[in-house]
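Read off the chains here:
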Amino acid sequence: MKRTLFILATIFFSTFALADEFAPLFPFVISADAPDNIVNISSWNDAPAGKHGFIRVEGDKFMHDKGRFLLWGTNTCFTMNFPEHAEAEQVAARLARFGFNGVRLHHMDMRDIWGGPNAKSQTVFDPQQLDKLDYYVFQLKKHGIYVNVNLHVSRMMDDRDGFTGKAERPEFDKGLDNFYPPLIDAQKKYARDLLEHVNPYTQTAYKDEPAVAMIEINNENSIVSQWCGGGSAKLLNMPDPYGAEFRKRWNEFLRKKHKTTAELSQAWNCVDEPLGDEMLARGTNIATRIETQKWDVETDSETKYTRIASDGVMRLKVEKLGKVSWHPQLIARKFGVDDDRLYTFSFRARADAPKKISLSLRTDHSPWDSLGFSKSVDLTTEWKTFSFTFTPSTGDEKARLDIAGFSPGVFEFADSSLKPGGTIGLKDDQTLEAGTIPLVDKNATNLPQAAVGDFVDFLYDIEEKYWVGMYRFLKDEIKVKQPVSGTQLHYGFGNVQAKLDYVDIHSYWNHPHFPGRAWDMNNWTVSNRALVNYLDKEILPPLATSRIAGKPYTVSEFDAPFPNQYAAEALPILAAFGRFQNWDGIFHFAYSHNRNDISPKRATSFFDMAGNTVKLAHLPACVAMFRRGDVAEEKSVILGAMDAAKELEIVKRDKGPWTTNFKGLGLDPKLALVYRTALDVSGKQTKNIPTLSEDDESYASQTAQLFAVKPSKEQKGAYVVDTLNSKLLTGFFPQLGDGSWNASLGNVFVKHDKTRLDWSTVSVVSMDGNGFDPSKTNGKPIRVLVTATGLMQNTGMEITKLDGDKITAAGKMGKEPVLCEGIPFHICFSGAKSLKCFPLDESGNRREEIKTDGNTAKLGPEYKTIWYELELR
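Residues numbered from 1 in each chain as written. Predicted model: local features only at pLDDT ≥ 70, side-chain atom pairs only at ≥ 80, totals over all residues. Heavy atoms only, no water.

**Remarks on the overall build of the protein**
The helix and strand inventory of the protein stands at 16 helices and 45 strands. The globule rule puts the C-alpha radius of gyration for 873 residues at 29 Å, and the 29 Å found for the protein is close to it. Each principal axis of the C-alpha distribution contributes one length, and for the protein these read about 90 × 65 × 55 Å. In the protein, which comprises 873 residues, the proportion classed as buried is 60%. (Helix = DSSP H or I, 4+ residues; strand = E, 2+ residues; numbered from the N terminus. Rg over C-alpha atoms; globule rule 2.2 N^0.38 Å. Buried < 20%, exposed > 50% of the residue type's maximum accessible area, 1.4 Å probe, protein only.)

Have a look at this one:
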C-alpha cells in the first residue's frame, strides 16, 4: 500500500500566523439565484423527480427503472419546510443548481405543521401550512429533487391532546413512544394523515408519490439509547400511566422467561454475602484519620479549593473548577478488586445546596479504564446515607474509587467505606406474582448483572415489536410504496433495523458542546480540529464499519459545524469515501432551519449551509465524486459478524449500542480506509482479515484512488482523491520553496503557497466528464471547475481560543458579508497545449480572463474569488 503522493516540507508554518502576512480576506457571498453557468449543475438532476418510477430496494442498492439511484441531499428544518410559494421556487432552483437531488424534510412535526407553537392541537394539520409544504415538495419534484419524509422527529404530545406529565417524560417522548400504545396510535394517525393526503400541486397522495424517495419512522429515537444515555433517569421514573405501562411490560417479559420469582432469583444469582474487612486505607491521626488519609484530592493549576477534616467529617469547599470537568476529584486508592466478588461502597454526604456528584470505580493506572461501577448521586442539605453493592466488570490489582462532578460550593463527607460482600438481589416485596419487579438502571448496584442482561433483552423485544409493527402498518395498511427505515444505527439495535428496507446513520465532526444549559447560544464551544489529522480514528472508520451488509445505506445527517475553520474539507472527503464504500445516500445537515434565512449573506448558525460559502463552493465536486461516480466503488467487502446474539453481548458489555461495529467486535476500524466494510447480521465473518502496516505513509484504497496521508512529526494530515474526472487535495500543503510540486495527480499538478492555516481544500472537476487531457478529446476543449478554499468567517466575527482545541464565538458571530481567504497556488495540466482561465464572481459568472503560461495558471487572492473556470485545449 505504500505510495509517495507528495513532496512535503518538513517544517510547518504556525497555524496562528499574523494576519498581515497574508492578503486581506474579501467578501464572497454565493448568490441566491441559479444562473446558467459552469457552477450550475442542475442538468445533472433527472427532472422531474420520480420520472423513472419509485425508488426500490434490490439487494444492497436503491434502484429505479433507469438503474442505480444515489442521493446527494440536504436537510431543511422547521419553518424552512413551509416557505411561501415564491420562496419555494427560489430554494428548489438553488438546491438543484448545486446538484442536490434529495431533501430530508426534518422537524416538520414540532410546531409548524400544526400552525405554530400556540396551535390548539397536535393532531390536526393547519391547512395553510400544509399548502406551503405541498407547494415546496412540488417545486422540489419539478427540479429533480426527491424528498425523504420523516414521520416523527420532535413533536412531544401534551395536555392539549390528553397527554399529561410532559415535563417528567423523556424529551420528544423518545423511548416512551416505542411501547406506549396511545403514543403509537398518535404516530400512526400522523402517518396516515400525511401520507394519504393528496398534494393538490402534484395530484398525488404522498404514499403514491414516486418523488418521495423514502420514509423514516422515528428520528434518533430508541428505547435502548434512552436507557443507556442521558434520558435514562426520566425513562425509569416516568409518572403513571407511562411508568405503570413500562413496569407492566417488564414484569410480563420476566414471567414469560422465568415463570416464578424463585426461578428468577436463581437465574439472577441473587446473593446475601456478609461484609468483610475494610478496604479503604486509614490514617493514624485519631482526630482526622477517617478522611484525611482515605481520600486524595486531584487538581490542576486552575482548581481552587479548601479541605478541612475534623471529627470524622471531611469538608470540601470548591471555589473554582479546573481546566477539565473532573477537577477537583477525590480519589481513594491502594486496593484491588476481583470480577467474581461483591463489594459494598457506602458513605454519608450533604452539600450547601442541592447538588449532583458522580462516583466511579476504575483502574489506578493508565488508561484509567472503568471497572463497571459508576453512579450519579443527588445531594441535599441534609445528611443522607448512600450504599451501593456491585460486582466489578473486570478485576484489577490497582483500583481506585473516584468522586467527581463537583460544582462551586461546599460538600461534606463522612463514614466512607468499601468492603467485600453485601446483598444483591430482590427484596421481599419484589415478586413476579405481584408484578412488582422494579425497572433496571444500567448502572444498577442493587441487582446482579444478570438483571441488566435481562433488561437489555427486554428492550430488544420492545424495539423489535415497535419497529416491525410500524413498518407493517405503513406497508400493509397505508400501503406505502417507498423504502422505509426505522431510526439511526447506534440509537437502536442494528439487527432490528435490518428487518426494514434500508439502514441509516448520523455523524458529526466536532459537534457544538454546551457546558451549561443545552443549546445556550451564549455558552458554547466547537473543537477547531482538521478531519485530515484524525482520518484513521474518527468519522470514516466508524461510519463504514457500522454498515449492515445486504441493505442500502444512507448517512442522513453529517456536518462539520461552523465556526470550525477546517469545515470545507468534510463534505468532499465524505463524498469520495462514501462512493468508494458503495453507500446509497449522503445528506448534509442542513441547508437551513429558518425560512427567514433562505439567502443569507453570512454564516448564520453552526449547521446551515445557505450562507456558508466554503461548504457550497465544493458541492459540484462532491456530486461528481459521489453521484456521477467519478470515484470507483470497491467491489469486495470485509465482513464482521454481528448477529443478534453478538449485538446483545456488546450492548450488555459496553452498556450501550455505540460500539456495535468493528470496534466492538475487536476488528481494526482503519481497514475501512483501504477496503469496503460491513456487518453481517447472519453472523458470517470474512476469513483471514488483512492487517494494515503501521509503516505505510498513507492508507491507500484498494481502488488506488483515495489516499489518507498519516500525520507524523514531519507533516500533518491530508486526504487526496485522484480519479479520471475529479481531483481533491485537502489538508496541510505548505510551500516547498524549491519550485517542486506539492501534488502530482495524473496529468494535473498543484503547487501551494503559504496560507493562513497552512491548510486548504482544492477540488478540480472535469465538468463534462472528459478527463483532463484534451489531446484525447478530438480537439474538443475540456471545461474544468477549480475551487480553492481556506479560512472563512463573518465580518466582525471574534473567535476566542479556549483550552486545548476548543474555540467559541458566542455572542460574537459577526455580521454580513461572509469573508473568504484567497488561496495562492499554481495548477498545471500536462496534456494541454493552451489554457484559458477565468475567475468567477459570486454568481459563478466569468470575470476578466487571467493570463496563463502555456498549460499553467498562477491563481491567488488578488482575484478575490474561490472558484475558477478553465478551458483546456
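Picking up after the structure, the text goes on.
**Thoughts on the packing of helix 6 (residues 242-258) against helix 9 (residues 449-478)**
Axis angle and axis distance: for two packed helices, these are the angle between their axes and the distance between the axes, and together they describe the pair. One can describe the packing of helix 6 onto helix 9 by two numbers: an axis separation of 10 Å at closest approach and a directional angle of 110 degrees. Relative to helix 9, helix 6 is oriented roughly perpendicular. Contact residues: helix 6 offers F246, R249, W250, F253, L254, K257 and H258, while helix 9 offers A451, D454, F455, D457, F458, L459, D461 and I462. Taken together, the residues of the contact of helix 6 with helix 9 break down into nine nonpolar, one polar and five charged. (Axes fitted to C-alpha atoms, helices over the stretch in contact; angles between N-to-C directions. Parallel < 35°, antiparallel > 145°, perpendicular 65-115°, else oblique. Contact = heavy atoms within 4.5 Å. Nonpolar A, V, L, I, M, F, W, Y, C, P; charged D, E, K, R; others polar.)

**Digging into helix 1 (residues 85-97)**
Between the first and last C-alpha of helix 1 there are 18 Å, a value that for 13 residues agrees with the 18 Å anticipated at 1.5 Å per step. For helix 1, the set of buried residues is E87, A88, V91, A92, R94, L95, A96 and R97. Buried residues along helix 1 sit in contact with strand 5 (71-77), strand 6 (102-106), helix 2 (127-142), strand 27 (585-592) and helix 13 (613-617). (Expected span 1.5 Å × (residues − 1).)

**Examining the layout of surface pockets**
Computed from the structure, the second largest pocket encloses a volume of approximately 760 Å³. As for the second largest pocket, its lining consists of 25 residues, of which A233, N237, K375, S376 and D441 are closest to the centre. Taken together, the elements giving at least two residues each to the lining of the second largest pocket come down to helix 4 (223-228), helix 5 (232-236), strand 18 (370-379) and strand 19 (384-390). A class-by-class count of the residues in the lining of the second largest pocket yields 12 nonpolar, eight polar and five charged. (1 Å grid on protein atoms, 1.4 Å probe; cavity = no way out; pocket = protein on both sides within 12 Å on 5 of 7 lines; lining within 4 Å. Points joined across faces, edges and corners; volume = space filled by probe spheres on them.)

**Here's the deal with helix 2**
Taking 1.5 Å of rise per residue, 16 residues should cover 22 Å, and helix 2 covers 22 Å from first to last C-alpha, within 8% of that figure. Considering only its buried residues, helix 2 is in contact with strand 5, helix 1, strand 6, strand 7 (146-150), helix 3 (181-195) and strand 8 (198-199). Sitting at the head of helix 2, D126 places a side-chain oxygen 3.1 Å from the backbone nitrogen of Q128. G144, located one to two residues past helix 2, shows a positive phi value of around 80 degrees. (Polar contact = N/O pair within 3.5 Å; in protein donor to acceptor, adjacent residues only side chain to side chain.)

**Regarding the side chain of S592**
Structurally, S592 is set in strand 27. Filtering out sequence-adjacent residues up to four positions away, S592 remains in contact with N75, T76, C77, M80, D597 and D608.

**Regarding the sheet that holds strand 16 (residues 343-351)**
Spatially, five strands are ordered 13-14-21-16-19 in an open sheet, and the strand pairing comes out antiparallel. Two strands close off the open sheet at either side, each with one partner strand: strand 13 (304-310) and strand 19. Across the sheet, the axes of successive neighbouring strands diverge by a mean angle of 25 degrees, strand direction being ignored. For strand 16 and strand 21 (residues 409-420), the ladder comprises eight bridges, and the chain directions are antiparallel. Considered in strand 21, the bridge of R350 is made with E412. (Pairing = 2+ DSSP bridges.)

**Brief notes about the confidence of the model for the protein**
Residues with a pLDDT of 70 or more make up 95% of the protein, whose mean pLDDT is 92. Every residue in residues 1-19 is under pLDDT 50, and counting partners more than four places away or in other chains gives 58 contacts. With pLDDT under 50 throughout, residues 284-293 is counted as low confidence; its partners more than four residues away or in other chains account for 24 contacts. (pLDDT = per-residue confidence, 0-100.)

**Here's the deal with the sheet that holds strand 37 (residues 782-789)**
Spatially, the eight strands line up as an open sheet ordered 30-31-32-33-36-37-45-43, and their pairing is antiparallel. The open sheet has two edge strands, strand 30 (698-700) and strand 43 (835-839), and neither has a second partner. When strand polarity is set aside, the average angle formed by the axes of neighbouring strands in this sheet is 15 degrees. Packed onto the sheet, helix 12 (residues 570-580) meets strand 31 (706-709), strand 32 (718-722) and strand 33 (726-731) and runs at close to 55 degrees relative to strand 32.

**Considerations on the pairing of strand 33**
Taking burial as the measure, the six residues of strand 33 include six buried ones, the bulk of the element. Taken together, the five bridges between strand 32 and strand 33 define a ladder with antiparallel strand orientation. If you follow Y719 over to strand 33, its bridge partner there is T730. Hairpin connection of strand 32 to strand 33: three residues between the antiparallel strands. Where strand 33 meets strand 36 (residues 760-766), six bridges bridge the pair, whose relative direction is antiparallel. By the bridge assignment for strand 36, G731 is matched with S760.

**Looking at the state of the cysteines**
Applying the stated criterion across every chain yields a total of zero disulfides. With no disulfide of its own, C820 has C622 as its nearest cysteine by sulfur position, at a separation of 16 Å. According to the relative accessible area criterion, C820 is buried, its value standing at 1%. (Disulfide = S-S within 2.5 Å.)

**Focus: the pattern of salt bridges**
Applying the stated rule across the entire model yields 59 salt bridges. In this structure, K66 engages D46 in a salt bridge whose closest nitrogen and oxygen atoms are separated by 3.1 Å. Here K66, found in the loop between strand 3 (61-64) and strand 4 (67-68), pairs with D46, found in the loop between strand 1 (26-27) and strand 2 (56-58); they are 20 residues apart in sequence, far enough to count as distant. A relative accessible area of 60% places K66 in the exposed class. The partner of D536 in a salt bridge is K537, and the shortest N-O contact between them spans 3.3 Å. Looking at D536, the relative accessible area reads 19%, which means it is buried. Assessed through its relative accessible area of 54%, K537 is described here as exposed. One network of salt bridges, in which partners are shared, links D296, R333, R362, D364, R400 and D402. (Salt bridge = Lys/Arg side-chain N within 4 Å of Asp/Glu carboxyl O.)

**What to know about the packing of aromatic side chains**
Remark: the centre distance and the inter-plane angle together describe each pair of aromatic rings, the angle taken between the planes. Scanning the model with the defined rule gives 48 aromatic pairs in all. Ring geometry for F28 and W867: centres 6.2 Å apart, planes at 80 degrees, overall edge-to-face. In this pair, F28 is assigned in the loop between strand 1 and strand 2 and W867 in strand 45 (residues 867-872), connecting sequence segments 839 residues apart. For the pair shown, F28 and W867 are each scored as buried. Between Y553 and W583, the aromatic rings sit 5.5 Å apart at their centres with planes inclined by 80 degrees, giving edge-to-face as the arrangement. Taken together, the residues Y553 in strand 26 (residues 553-559) and W583 in the loop between helix 12 and strand 27 connect sequence positions 30 residues apart. The exposure classification of Y553 matches that of W583, with both residues buried. Aromatic rings pair up to connect F179, W227, F246, W250, F253, W268, F455 and F458 into one cluster. When the ring centre of W383 is taken as reference, the NZ or CZ atom of R348 above it lies at 4.6 Å. One cation-aromatic arrangement involves R529 over Y534; the distance from NZ or CZ to the ring centre is 4.6 Å. (Phe/Tyr/Trp six-rings, centres within 6.5 Å; stacked < 30°, edge-to-face > 60°. Lys NZ or Arg CZ within 6 Å of the ring centre and 35° of its normal.)

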